[in-house]
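Reading the structure
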There are 2 protein chains.
Amino acid sequence: MAEDKGITAAKEDEFSEWYTQIIQKAELIEYTPVSGCLVFRPYSYEIWERVQAFLDQEFKKRGVKNAYFPLLIPESLLTKEKEHVEGFSPEVAWVTQAGNTPLSERLAIRPTSETIMYDTYRKWVQSHRDLPLKINQWCNVVRWEFKHAVPFLRTREFLWQEGHTCFATKDEADAEAHDILKLYAQAYEELYAVPVIMGRKSEKEKFAGALYTLSVETMLPNGKAIQCSTSHCLGQNFSKPFGIQFLDQKEQKQHVWQNSWGFTTRSIGIAIMTHSDDKGLVLAPAIAPIQAVVVPIIFEKTKDATIAACTEIKKQLAEFRVHVDARDEYTAGWKFNYWEMKGVPLRIEIGPKDLEKKQAVVMRRDTLKKTMVPLENLQHAISQELANMQKEMLVKARQRLQSQIITAETKEAFQKGIEEKKMVLAPFCGKPDCEEFIKEKMGGIKSITAPFDAKTPEKPCIHCNNKAEAFYYFAKSY
Amino acid sequence: MAEDKGITAAKEDEFSEWYTQIIQKAELIEYTPVSGCLVFRPYSYEIWERVQAFLDQEFKKRGVKNAYFPLLIPESLLTKEKEHVEGFSPEVAWVTQAGNTPLSERLAIRPTSETIMYDTYRKWVQSHRDLPLKINQWCNVVRWEFKHAVPFLRTREFLWQEGHTCFATKDEADAEAHDILKLYAQAYEELYAVPVIMGRKSEKEKFAGALYTLSVETMLPNGKAIQCSTSHCLGQNFSKPFGIQFLDQKEQKQHVWQNSWGFTTRSIGIAIMTHSDDKGLVLAPAIAPIQAVVVPIIFEKTKDATIAACTEIKKQLAEFRVHVDARDEYTAGWKFNYWEMKGVPLRIEIGPKDLEKKQAVVMRRDTLKKTMVPLENLQHAISQELANMQKEMLVKARQRLQSQIITAETKEAFQKGIEEKKMVLAPFCGKPDCEEFIKEKMGGIKSITAPFDAKTPEKPCIHCNNKAEAFYYFAKSY
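Attention now moves to the overall build of chain A. Looking only at helices and strands, one finds 14 helices and 23 strands in chain A. On C-alpha atoms alone, chain A measures out to a radius of gyration of 25 Å, which is about the 23 Å that the 2.2 N^0.38 rule sets for 478 residues. For chain A, the residues scored as buried account for 62% of the 478 residues in total. Residue pairs at least 24 apart in sequence account for 69% of intrachain contacts in chain A once pairs closer than 6 positions are excluded. Surface exposure of chain A reaches about 19,500 Å², of which carbon and sulfur atoms provide 49%. Of note, chain A has its 65 positive side-chain charges centred 1 Å away from the centre of its 64 negative side-chain charges.

Okay, here's the thing in structure tokens:
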């Protein structure tokens, strides 16, 4: 059942409260007695299904096959790659008992599946003919965060896909890591209408066990950066401890080069925060469960004709996801608010006067702008409106993102940018020690990514004055 | 990498060894260091994806929406329905620790999700207008069986869908429980080509917490019955302890009537056991990842032309799932064996002589029968062969199933049937005590189901001589 009341907090002033209201009132999330573990309600799960369908198809085009590996990982496997276990063990949920029997070895609920998958890959890869090996799984993972949960963004259980690939050469692994990164950026920009930045993580921020981590990042309207998705080149860091070797064409034994990459339900939260407003959710047409809602304006005398016309319109618009809200118990005004709260991209209003004039009122959720559309043009108009809305939402969000970015080549400019909640692009040495120092000194800011499109820095690292490795973004982040 | 050697155990003589070889050599399963938890390799996962796609579409037609509920269930929730917890707690995997911190309350990895879902449903159902509520989730579940694992059939983790619905009346719940049961039977018969029996479980064998359990059952070639899928009417057994109530049209508070129903990856194992033979896997065309493999017969002089012709054939057959095996390193004979082992429904052989005569040899995996087909008819012929194979596999399996069934109205006939590894249909009182007695006395046989299509018994229960409630099947079972 939907809440009767609208959003009572302003995005601008009380971002966190505003978000908490939206995700509940728009029926996206439900809390449970397990702290940090939430229900993905049908309305948010359907968004995920659309994103899954897109990515899954793209993976398959690239020769990736789906499989499923066990949820539970023995402790001895998880600890096989040193940096990896150090990164993950503080947040592992451990199974220690089954029925009334204590287990002889603790089992980790997968926080990610490198170790259980690569122990198996060892058996599958023998010859260069077995390469490349490209496997993906869609599954749940658990990371027992002790920080405050933020629905979608940081929860103890979340849903994702994890791709795990093996190649004969580093070049192939490099190329795929970049290719998948671009695909992830495409999913954000073309489906969610969320503008992103692509780049490479610092040594300190890379994935535990990776050779390097590429990432897609964005900045939210509240001035916090967020990591959207990552694509890791693992190098031979796992193939060596796990013994994944192949005979090359010269009959020499080689360790494979590996990548892993993941896209999570976090993306839903990022899209909600990016686009929604004080009236509620705003969804991009590409991922909206309902793209247009038809609301009849009902008067007793013309009721049947009006509802019949709405049903007819739904038929005409069969290529779109259209819902007719013909409920008796609510007024048209109540329905307008309800569907605005739910973020449906277009509203089509039909009343007796509209029917006389053979027209409908079409309202766009993002701009709240109304247009009169002759019924005979409706199909074309809806198609245009949805396409425009998809495009313009991205453009608008990108303008906002750009307004949140500044470049700083001095300490003072850097400091000022951070104080103004900007994402600051600055020359940086890339060293973990230096980054640790910045983090401590400046209230938890960290490097976000070294964007691919930045110039080579001429000036030294603005923090330690040593040679800069690249321009990096810095910001407060989730 | 595929095994070079074929299956070395006969289905007839060493069923279990035969099955173990098939699932490994056909690259369906991989073992892991976690006992009882297996990898679904891409070749079996793709079968699951097809079944998922079919069921998911059918659920959606019925107004069911997908969602996702947490993996972890607090002990206090799991224990809320008494019979339910008694049924499941002996096989629950418990999370007791996160990172280095002991949890204040143990968390169960879901063995099934009634309790976590219904605790939430309570918040969603208030009025008759919120009904029916129809939610499904596709997920993993863990049941820590202490019996020997049988891949697909009985593993500690498996994949499934679980549908959980609420209705205002028992009639609606009854109708849906039967409707879903029929859908499950359809998936077995029309996708897997596995013949099934529909019926109602005995009191002793019903789901822990259910009012009644409907089930789809079959008999495997080794003389063991197996439960394929179940559809439970939970009555108000959960809505009462969980407080799921609604105001009806007369403003009276009522408890909802509930169903839950599930379809699991067990189905893959049942299909493998039903159809495969001493050469390896046999897959029904509807669920086969590859429906036809094209094998070129290569001679050095005509190699290019032959491979080109194979590629051309793949294009012509674009509506089917076709793979051309043009690998250089294997002979055509090796490939024949390999694809027979993998259970691909049709093999299309093309050699230089075939090309001269504008024909191809088509072999059907189930019958191993070869046919010459003029290339110009190929598309039509493949379509026909696949359709016939799908149909005939079911017919053949149903004949075998029928040959495994007898009716017994005396103790002697019952005893003899069980000794001959039949599924025996007999009048039964339906009482748990009587069933317990039979199970102990007759080496673990149990009631399978009271089939819908049986007559009303005239004779008394053949075990206790009390009034028979219905004809029930009895057998040894998995």
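Still to come is the rest of the account.
Residues and elements named next belong to chain A. When you line up the elements, K134 lands in strand β7 (residues 133-142). We note that K134 is buried and unpaired, the nearest opposite charge coming from E176 at a distance of 4.9 Å. Side-chain polar atoms of K134 contact the backbone oxygen of R62, separated by 3.0 Å.

A separate point is the interface of chain A and chain B. If you look at the interface, chain A gives 59 residues, while chain B gives 60 residues. Taken together, the connections running from chain A to chain B amount to six salt bridges. Where E329 of chain B meets R129 of chain A, a salt bridge forms, and the shortest distance between an N and an O atom there is 3.0 Å. Along the contact surface separating chain A from chain B lie 28 residue pairs in polar contact (both at pLDDT 80 or more). Its residues assigned to classes, the side of chain A that touches chain B comprises 34 nonpolar, ten polar and 15 charged. Here five bridges tie strand β5 (residues 93-98) of chain A to strand β5 (residues 93-98) of chain B, and the two strands are oriented antiparallel to one another. Among the inter-strand pairings, W94 of chain A is bridged to a residue of β5 of chain B, identified as Q97 of chain B.

All names here are of chain A. Taken in spatial order, the five strands line up as β16-β15-β17-β18-β19 in an open sheet, and their pairing is mixed. The open sheet is flanked by β16 (322-324) and β19 (370-374), the only strands paired with a single partner. Here the average twist between neighbouring strands, direction ignored, is 25°. As judged from the five bridges shared by strand β18 (residues 359-364) and β19, these two strands associate in the antiparallel manner. When the bridges of β19 are listed, V361 appears paired with M372. Contacts from helix α10 (residues 332-341) reach β15 (292-296), β16, β17 (346-350) and β18 within the one sheet, and its direction differs from that of β15 by about 170°.

Now for the packing of helix α6 (residues 170-191) of chain A against helix α12 (residues 378-403) of chain A. All names here are of chain A. Between α6 and α12, the shortest axis-to-axis distance is 8 Å and the interhelical angle comes to 110°. By the criterion of interaxial angle, the relationship of α6 to α12 is roughly perpendicular. Contacts between α6 and α12 involve E189, E190 and L191 on the former and, on the latter, Q390, L394 and R398. Partitioned by chemical class, the residues of the contact of α6 with α12 number two nonpolar, one polar and three charged.

Looking at the assigned domains, one finds that chain A contains domain 1 (10-275), domain 2 (292-384) and domain 3 (405-475). The C-alpha-based centres of domain 2 of chain A and domain 3 of chain A are spaced at 50 Å.

This next bit is on the relation of the copies chain A and chain B. The operation relating the pair of chain copies consists of a rotation about an axis and a translation along that axis. With an RMSD of 0.0 Å, the fit of chain A onto chain B corresponds to turning through 180° and sliding 0.0 Å along the axis. Both copies are brought into coincidence by an operation consistent with a two-fold rotation axis. Within chain A, the C-alpha atom positioned nearest to the axis of rotation is that of V95 of chain A, 2.1 Å from it. Most of the interface of chain A is mirrored in chain B, where 100% of its interface residues again form contacts.

Turning next to the pattern of salt bridges. Summed over the entire model, instances satisfying the criterion amount to 62 salt bridges over all chains. Across the pair R62 of chain A and E58 of chain A runs a salt bridge, and its minimum N-O distance is 2.9 Å. Residue classification places R62 of chain A among the partly exposed residues on the basis of a relative accessible area of 24%. One salt bridge in this structure joins E205 of chain B and K204 of chain B, with 3.8 Å as the shortest N-O distance.

We now examine helix α5 (residues 114-124) of chain A. Across the eleven residues of α5 of chain A, nine count as buried, placing the element largely inside the fold. Among all positions of α5 of chain A, only E114, T115, I116, M117, Y118, D119, T120, Y121 and W124 of chain A are buried.

So, about the sheet that holds strand β22 (residues 446-451) of chain B. Residues and elements named next belong to chain B. Strand order in the open sheet made by the eleven strands is β3-β7-β8-β14-β11-β10-β9-β22-β23-β21-β20, with mixed pairing throughout. Across the chains shown, the open sheet's two edge strands, defined by having one partner strand only, are β3 (65-66) and β20 (405-407). Of the strand pairs in this sheet, β20 and strand β21 (residues 423-428) are connected by three bridges, and their pairing is parallel. Bridge pairing in β21 places T407 opposite L425. Contacting β20, β21 and β23 (470-475), helix α13 (residues 411-419) crosses the sheet at an angle of about 155° to β21. Where helix α14 (residues 432-441) meets the sheet, it contacts β21, β22 and β23, and its direction lies at approximately 145° from that of β21.

A word on the packing of helix α2 (residues 42-61) of chain B against helix α6 (residues 170-191) of chain B. All names here are of chain B. Closest axis-to-axis distance for the α2/α6 pair is 11 Å, and the angle between their directions is 150°. Put simply, α2 runs roughly antiparallel to α6. For the element pair α2 and α6, the recorded crossing hand is right-handed. Only I180, L183, Y184, Q186, A187 and L191 of α6 make contact with α2, whose side of the interface consists of V51, F54, L55, E58 and F59. A per-class count over the contact of α2 with α6 returns nine nonpolar, one polar and one charged.

Residue and element names in this part refer to chain A. When you line up the elements, L71 lands in the loop between β3 (65-66) and β4 (72-74). Overall, L71 belongs to the buried group, its relative accessible area being 0%. In sequence terms L71 and I109 are 38 residues apart; their C-alpha atoms lie 5.8 Å from each other.

Time to look at the nonpolar core. In a soluble, globular protein the nonpolar side chains are often hidden away together inside. Judged by nonpolar contacts, the single largest core of 242 residues is most densely connected at I109 and Y192 of chain A together with I109 and Y192 of chain B. Each residue touching Y192 of chain A, except ones within four places of it in the same chain, is listed here: I47, W48, V51, A187, F263, S267, I268, A271, H275, A284 and I287 of chain A. V324, V362, L375 and L386 of chain B belong to the second-largest nonpolar core, a separate cluster that totals 20 residues.

What counts, and where the lines are drawn
Residues numbered from 1 in each chain as written. Chains lettered and ligands numbered in written order. Predicted model: local features only at pLDDT ≥ 70, side-chain atom pairs only at ≥ 80, totals over all residues. Heavy atoms only, no water. Helix = DSSP H or I, 4+ residues; strand = E, 2+ residues; numbered from the N terminus. Rg over C-alpha atoms; globule rule 2.2 N^0.38 Å. Buried < 20%, exposed > 50% of the residue type's maximum accessible area, 1.4 Å probe, protein only. Contact = heavy atoms within 4.5 Å. Areas by Shrake-Rupley, 256 points an atom, 1.4 Å probe, with all protein chains shown as cover. Lys, Arg positive; Asp, Glu negative; His and termini not counted. Charge placed at Lys NZ, Arg CZ, Asp CG, Glu CD. Salt bridge = Lys/Arg side-chain N within 4 Å of Asp/Glu carboxyl O. Polar contact = N/O pair within 3.5 Å; in protein donor to acceptor, adjacent residues only side chain to side chain. Nonpolar A, V, L, I, M, F, W, Y, C, P; charged D, E, K, R; others polar. Pairing = 2+ DSSP bridges. Axes fitted to C-alpha atoms, helices over the stretch in contact; angles between N-to-C directions. Parallel < 35°, antiparallel > 145°, perpendicular 65-115°, else oblique. Domains from an automatic or database assignment. Least-squares fit on C-alpha atoms with pLDDT ≥ 70 in both. Left-handed = near helix turned anticlockwise from the far one by under 90°. Core = buried A, V, L, I, M, F, W, Y, C linked by side-chain atoms within 4.5 Å.

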